[in-house]
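# Chain and residue survey
Below are the chains, spelled out letter by letter.
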2 protein chains.
Amino acid sequence: MPYSNFASMPCTLSRPAALLGERWTLLLLRQIFLGTRRFEDFQATMDISRSVLTDRLNVLLQENVLKRVPYHEDGRTRHEYRLTEKGRDLYPVLMALRTWGEKWMAPDEEETFQLHHRDCGGGVRAKVECTECAAELTARDVEVTARP
Amino acid sequence: MPYSNFASMPCTLSRPAALLGERWTLLLLRQIFLGTRRFEDFQATMDISRSVLTDRLNVLLQENVLKRVPYHEDGRTRHEYRLTEKGRDLYPVLMALRTWGEKWMAPDEEETFQLHHRDCGGGVRAKVECTECAAELTARDVEVTARP
DNA sequence: TAGCTGAGTTCGAAAATCGAACGCAAGGGA
DNA sequence: TCCCTTGCGTTCGATTTTCGAACTCAGCTA
């Protein structure tokens with residue numbers, strides 16, 4: 001099975017993993033959540049090659065993670081890439097990466113940005129919880145049942 | 001900046017994103033969380049090329065996400081790949097992917113596996129919360145502060 | 001001694017990525 | 001009108017990755 005077939009497997013974990021597991025895609029999403037919207041800005045801040053950037057943006061458009069939105073600047077019509085609701089829902093994925101990075105990869109120096117809850121100023125962290133009893137869960141608390 | 005340099009950026013989001021954003025790495029972790037431990041089994045269930053599998057496993061070993069553990073079978077000593085504590089801590093990342101997949105990519109048919117809290121049988125979901133007030137957060141509730 | 005098995009390694013072909021140049025449409029200014 | 005600039009891609013040849021099949025090697029086993 002080639003890599004791309006995981007994108008069509010009937011598994012709700014392998015399909016997102018195959019989509020976001022392509023090179024640059026997670027870094028692109030990070031940039032989008034940090035506020036970057038335009039082709040030129042992605043290219044400049046990430047130093048990704050233009051052809052690959054085009055490809056990744058198109059994949060995310062096709063998957064309905066991003067949408068192209070027209071806007072006006074100097075009286076000209078341009079387009080920018082924005083998250084859809086589906087795209088915004090990827091926030092927990094990025095936050096889970098960051099929570100892990102904070103714990104296990106924190107560099108000695110300062111970070112490049114900080115996150116705060118607008119209402120109370122608190123920090124942000126990702127966690128896994130039980131939909132019934134609301135307990136916080138680790139891998140050991142969860143049982144996997146194969147469906148044959 | 002080539003892709004690999006993101007792995008050494010002083011950013012607790014871009015470093016994990018660059019590590020897990022390499023092709024096959026997320027799918028490999030999925031397989032590990034589902035219980036696969038041995039080279040041959042990874043190769044068979046994922047149909048990844050052997051040389052790339054070797055490379056990805058070595059990267060995860062170097063990053064201390066996996067460890068090689070000896071075991072005995074038929075009186076022979078072999079090795080298997082197991083999660084370290086750092087690796088197990090990636091569980092929220094995988095669960096965030098799955099929670100997203102359940103909502104936005106659920107296939108019409110059944111899934112390949114189900115997850116249940118051992119204690120109460122409930123489902124599993126990832127979420128983002130405030131470390132102060134414990135409110136559940138979305139991207140809109142969070143303010144990004146750049147550190148220059 | 002020969003064969004099998006798990007775990008890689010090697011190597012030529014194919015695919016993905018890179019970087020630099022090119023294309024193009026919409027203004028703006030002369 | 002003609003030329004210049006900007007934003008947003010596209011194209012193309014060179015370099016890296018990935019692929020897939022064959023090969024290696026060590027430790028049993030028959």
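Look up: the structure comes first, before these words.
Calculation criteria
- Residues numbered from 1 in each chain as written.
- Chains lettered and ligands numbered in written order.
- Predicted model: local features only at pLDDT ≥ 70, side-chain atom pairs only at ≥ 80, totals over all residues.
- Heavy atoms only, no water.
- Near = heavy atom within 4 Å.
- Polar contact = N/O pair within 3.5 Å; in protein donor to acceptor, adjacent residues only side chain to side chain.
- Helix = DSSP H or I, 4+ residues; strand = E, 2+ residues; numbered from the N terminus.
- Nonpolar A, V, L, I, M, F, W, Y, C, P; charged D, E, K, R; others polar.
- Contact = heavy atoms within 4.5 Å.
- Salt bridge = Lys/Arg side-chain N within 4 Å of Asp/Glu carboxyl O.
- Pairing = 2+ DSSP bridges.
- Disulfide = S-S within 2.5 Å.
- Phe/Tyr/Trp six-rings, centres within 6.5 Å; stacked < 30°, edge-to-face > 60°.
- Buried < 20%, exposed > 50% of the residue type's maximum accessible area, 1.4 Å probe, protein only.

## Some points on the protein's contact with DNA strand D
In the vicinity of DNA strand D, 21 residues are found, and the nearest of them are Glu40(A), Arg50(A), Thr54(A), Tyr81(A) and Arg56(B). Counted by atom, the contact set of DNA strand D within 4 Å of the protein is 55% sugar and phosphate. One of the backbone nitrogen or oxygen atoms of His79(A) is found 3.0 Å away from a phosphate oxygen of DNA strand D. Of all elements in the fold, only helix 3 (39–46), helix 4 (50–62) and strand 2 (76–83) of chain A together with helix 4 (50–62) of chain B reach the threshold of two or more residues within the surface near DNA strand D. Looking at the surface near DNA strand D residue by residue, the classes come out as four nonpolar, six polar and 11 charged.

## As for the interface of chain B and chain A
Between chain B and chain A, the residue contacts involve 85 residues of the former and 85 residues of the latter. Taken together, chain B and chain A are joined by eight salt bridges. The closest approach of N and O atoms between Glu129(A) and Lys127(B), which form a salt bridge, is 3.3 Å. Those elements that provide at least two residues to the side of chain B that touches chain A are helix 1 (14–20), helix 2 (25–33), helix 5 (85–88), helix 6 (91–104), strand 3 (113–117), strand 4 (124–130) and strand 5 (142–146) of chain B. Take the side of chain B that touches chain A: its biggest share by element is 13 residues, from helix 6 of chain B. Tallied by class, the residues present in the side of chain B that touches chain A amount to 47 nonpolar, 13 polar and 25 charged. By the bridge criterion, five bridges tie strand 3 (residues 113–117) of chain A to strand 5 of chain B in an arrangement that is antiparallel. Looking across to strand 5 of chain B, one finds that His116(A) is bridged to Glu143(B).

## Side note on the state of the cysteines
In a disulfide, the sulfur atoms of two cysteines are held together by a covalent bond. Counting across every chain of the model gives zero disulfides over all chains. In this model Cys130(A) remains outside any disulfide bridge; the closest cysteine sulfur is found in Cys120(B), 3.3 Å from its own.

## Overview of the packing of aromatic side chains
In total, this model carries six aromatic pairs over all chains according to the counting rule given. Residues Trp24(A) and Tyr3(B) carry aromatic rings whose centres are separated by 4.9 Å and whose planes lie at 85° to one another, so their mutual orientation is edge-to-face. Within this pair, whereas Trp24(A) is found in the loop between helix 1 (14–20) and helix 2 (25–33), its partner Tyr3(B) is found in the segment before helix 1, the two belonging to separate chains. Pair check on accessibility: Trp24(A) and Tyr3(B) agree, each one buried. Note on Phe33(A) and Tyr91(A): the rings are 5.4 Å apart at their centroids and 50° apart in plane angle, and the pair reads as tilted. Here Tyr91(A) lies in helix 6 (residues 91–104) and Phe33(A) lies in helix 2, a separation of 58 residues in the sequence. By relative accessible area, Phe33(A) is classed as buried at 17%. Of the residues examined, Tyr91(A) reaches a relative accessible area of 6% and is grouped as buried.

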